[in-house]
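The chain contents come next:
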Amino acid sequence: MATRLVQINMKAQDDSALGRFWAEALGWGIDSEGPGVTNLEPVGFTYPDPSAVCIDLIARPEPKTVKNRVHLDLATTSTAHQAELVARLRELGATPADVGQGDVPWTVMADPEGNEFCVLEPRPVYEGTGPIAAVVVDCADPRAMARFWDEAMDWKLLEVTDDRATMRSAQGVGPYLEFIRTPDTKSGWNRVHLDISPYRGDDPAAEEARLRALGATDPGIDQSAISWRILADPEGNEFCLLSPR
């Protein structure tokens, strides 16, 4: 048994408006499975597929109050492309953001609801990822996070150091998943989190039990009204185990 990263779940006070921003930013299509839910994926994409990690925006009334533990890094192909993308994103409603990055070659921005993201300078490693270069998770211990997620998913672990761990789909396509050591600690419920899914034919209950044996925990919320399971990784970051598709 194994799971795969299929999408990012992002809470939004206005899922439709924020969905329009991210669809324009990524060049993706927009759909909705119901009120308060906006789904984003590449045009012509067949879900799920490792070539992309999709985005679900879910309406929630609470405003953002702290720096997100999960953010997106956007890929560029040249210095000119980076400058053009930053300018276009500002026209769409993004703003510069200061998270203590100092003098760096990438540009840190925030979307219209304050969610941080980075527009990277061109890096050969991200050629062919699509518009999202990486999904980045802040953590205290990249090695421990790598041990858990390497066992939790069938993605390939590519690099592990004290400061950074990197994974990518075993097919070698789509964005990377990166765990970066950061000094700040988790505070409250993550407004952006990972959604993983078993493969078609796998038993979700057995997969949940396997994840718990690896170190996943119960976040302590009522889950009686939902068909998926909400768990937390070893550092307390919530994630959803979706139904197989």
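Residues numbered from 1 in each chain as written. Predicted model: local features only at pLDDT ≥ 70, side-chain atom pairs only at ≥ 80, totals over all residues. Heavy atoms only, no water.

Undergrad: Tell me about the pairing of strand E9 (residues 132–139), residues and numbers included.
TA: When you tally the buried positions in E9, you get eight out of eight residues, the bulk of the element. Across five bridges, the pairing between strand E5 (residues 70–74) and E9 is antiparallel. Opposite Leu74, over in E9, you have Ile132 as the bridge partner. Relative to strand E12 (residues 176–181), E9 runs parallel, the two being bridged by six bridges. From the neighbouring strand, Val136 faces E12, where its bridge partner is Glu178. (Buried < 20%, exposed > 50% of the residue type's maximum accessible area, 1.4 Å probe, protein only. Helix = DSSP H or I, 4+ residues; strand = E, 2+ residues; numbered from the N terminus. Pairing = 2+ DSSP bridges.)

Undergrad: Describe the environment of Gln223, and please don't skip the residues or the numbers.
TA: Checked against the element boundaries, Gln223 lands in the loop between helix H4 (204–214) and strand E14 (229–232). Given the relative accessible area of 8%, Gln223 is considered buried. Taking the C-alpha atoms as reference points, Gln223 and Pro50, 173 residues apart in sequence, are found 28 Å from one another. Non-local contacts of Gln223, meaning those with residues more than four positions away in its chain, are made with Asp218, Trp228, Arg229 and Ile230. Engagement of the side chain of Gln223 in a polar contact is seen with the backbone nitrogen of Ile230, the distance being 2.7 Å. (Contact = heavy atoms within 4.5 Å. Polar contact = N/O pair within 3.5 Å; in protein donor to acceptor, adjacent residues only side chain to side chain.)

Undergrad: So what about the environment of Val43? Which residues, and what values?
TA: Note that Val43 resides in the loop between strand E3 (37–41) and strand E4 (54–59). Take Val43: its relative accessible area is 70%, and that puts it in the exposed class. In the structure, Val43 is positioned 15 residues away from Trp28 in sequence and 5.6 Å away in space, judged by C-alpha atoms. Setting aside anything within four residues of it in sequence, one finds Val43 in contact with Gly27, Trp28 and Gly29.

Undergrad: Before we move on, could you go through the nonpolar core and cite the residues and values that matter?
TA: With 56 residues, the main nonpolar core has Trp22, Leu74, Leu89, Trp149 and Leu177 as its most contacted residues. Considering each element in turn, this core owes the most residues, six residues, to helix H1 (residues 15–26). Those residues in contact with Trp149, other than ones at most four positions away along the chain, are Met167, Phe179, Leu194, Ile196, Asp233 and Phe239. Of all hydrophobic cores here, the second largest spans 11 residues; its members include Ala75, Val108, Val136 and Tyr176. (Core = buried A, V, L, I, M, F, W, Y, C linked by side-chain atoms within 4.5 Å.)

Undergrad: Please give an account of the environment of Ala83 that cites residues and values.
TA: For Ala83, the location among the structural elements is in helix H2 (residues 79–92). According to the relative accessible area criterion, Ala83 is partly exposed, its value standing at 48%. In this structure, the C-alpha to C-alpha distance between Ala83 and Val119, residues 36 residues apart in sequence, is 9.1 Å.

Undergrad: Any details on the packing of helix H3 (residues 142–152) against H4? Residues and values, ideally.
TA: Here H3 crosses H4 at 160 degrees, and the two axes come no closer than 10 Å. Considered as vectors, H3 and H4 are oriented roughly antiparallel to each other. Where H3 crosses over H4, the handedness of that crossing is right-handed. Here Phe148, Glu151 and Ala152 of H3 come into contact with H4, specifically with Glu207, Arg210, Leu211 and Leu214. Among the residues making up the contact of H3 with H4, the classes are represented as four nonpolar, no polar and three charged. (Axes fitted to C-alpha atoms, helices over the stretch in contact; angles between N-to-C directions. Parallel < 35°, antiparallel > 145°, perpendicular 65-115°, else oblique. Left-handed = near helix turned anticlockwise from the far one by under 90°. Nonpolar A, V, L, I, M, F, W, Y, C, P; charged D, E, K, R; others polar.)

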